[in-house]
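# Report on the structure
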Amino acid sequence: MPDVPVVDPAPAAENSGRFVVPCLLAWLLPGLGHFYLGKRKRAVVFFCVVATAFVLGIGSDGAASLIDPRQPLSYLATFDNLAMGPLDLVSRQLTFHEMAYRLPGDESSPRQQELTRLLRDRVKSPTYEYGNTFLLTAGLMNILLILDAFDIATGRKDRAPA
Amino acid sequence: MIRSHFLNMAVFSLLVAVFFAFLTQSGARDRIKVIVILGGSMIVVSLIIAYVMYPFPLR
């Protein structure tokens, strides 16, 4: 019978669950997951980069996305915003003055009209497109940071401090 | 905030380049290389695309 490499199940079991805390921290604050994993220098740089993109997005009149059932891409954009963790609450409060995540779908509803009006006010700004791009990029970068924290925590990527 | 289209593009390119340099590289030298190549190419390619689009107006 040919030799078959035996995979020890112990390391896999040991790694399961180890990623939860760093991934959650990475979601709560950009770079915090890396800080927890000992990548202090990287964590500071990641926080500065993502926070700068977020601040530029908000400052340039970027808007938090709302789920609109008629526009499938709005689901992705809203998910991307949610990846910013608690910072998403800030952008939603600044955009809509409340924690709105979805358009009601009824054109005659006063809430829909108010949310649409607030969104249109942002769209009229000459820097709206820049702001939205920065906001969405900040969310995408934080998704990558959460995945990177997962890789480091599970040993798929180097665990040496850097 | 920043009104200049070019400045917005330059800041965006720098942020993305620094992010990927620290995400994918571990040595300082390699990181600088990625920042220069990625950031620079984002700006240069954007300018080339803008130049190519120049003769094609929207209407």
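Scope of this entry: the structure provided in the associated data block. Please read all numbers here as calculations on a predicted model, not as lab measurements.

### Side note on the overall build of chain A
When helices and strands are counted, chain A shows eight helices and zero strands. Helices and strands in chain A line up, N terminus first, as α-α-α-α-α-α-α-α. Relative to its full complement of 162 residues, chain A shows a buried share of 36%. Expressed as a percentage of contacts within chain A between residues at least 6 apart in sequence, the contacts between residues at least 24 apart total 66%.

### Focus on the nonpolar core
The biggest cluster of nonpolar side chains holds 35 residues, and the ones touching the most others in it are Val49, Ala53, Phe54 and Ala138 of chain A together with Val18 of chain B. Contributions of two or more residues to this core are made by α2 (20-28), α3 (32-36), α4 (40-59) and α8 (128-153) of chain A together with α1 (5-24) of chain B. With nine residues, α8 of chain A is the largest single contributor of residues to this core. If we skip the residues at most four places from it in the chain, Ala53 of chain A touches Phe134, Thr137, Ala138 and Met141 of chain A together with Leu15 of chain B. Counting residues in each nonpolar core, the second largest holds six residues, with Ala64, Leu66, Leu103 and Leu119 of chain A among its members.

### A short note on the environment of Phe79 of chain A
Looking at the element boundaries, Phe79 of chain A is found in helix α5 (residues 73-82). For Phe79 of chain A, a count of 13 C-beta atoms within 10 Å gives the class partly exposed.

### Looking at α4 of chain A
Between the first and last C-alpha of α4 of chain A there are 28 Å, a value that for 20 residues agrees with the 28 Å anticipated at 1.5 Å per step. Those residues of α4 of chain A that sit buried are Arg42, Ala43, Phe46, Val49, Val50, Ala53, Phe54, Leu56, Gly57 and Ile58 of chain A. Tucked into the core, α4 of chain A has its buried residues touching α3, α6 (86-96) and α8 of chain A together with α1 of chain B. The positive-phi residue at the C-terminal boundary of α4 of chain A is Asp61 of chain A, with phi of around 65°.

What counts as what
- Residues numbered from 1 in each chain as written.
- Chains lettered and ligands numbered in written order.
- Predicted model: local features only at pLDDT ≥ 70, side-chain atom pairs only at ≥ 80, totals over all residues.
- Helix = DSSP H or I, 4+ residues; strand = E, 2+ residues; numbered from the N terminus.
- Buried ≥ 20, exposed ≤ 12 C-beta atoms within 10 Å, placed from the backbone.
- Contact = placed C-beta atoms within 7 Å.
- Core = buried A, V, L, I, M, F, W, Y, C linked by C-beta atoms within 7 Å.
- Expected span 1.5 Å × (residues − 1).

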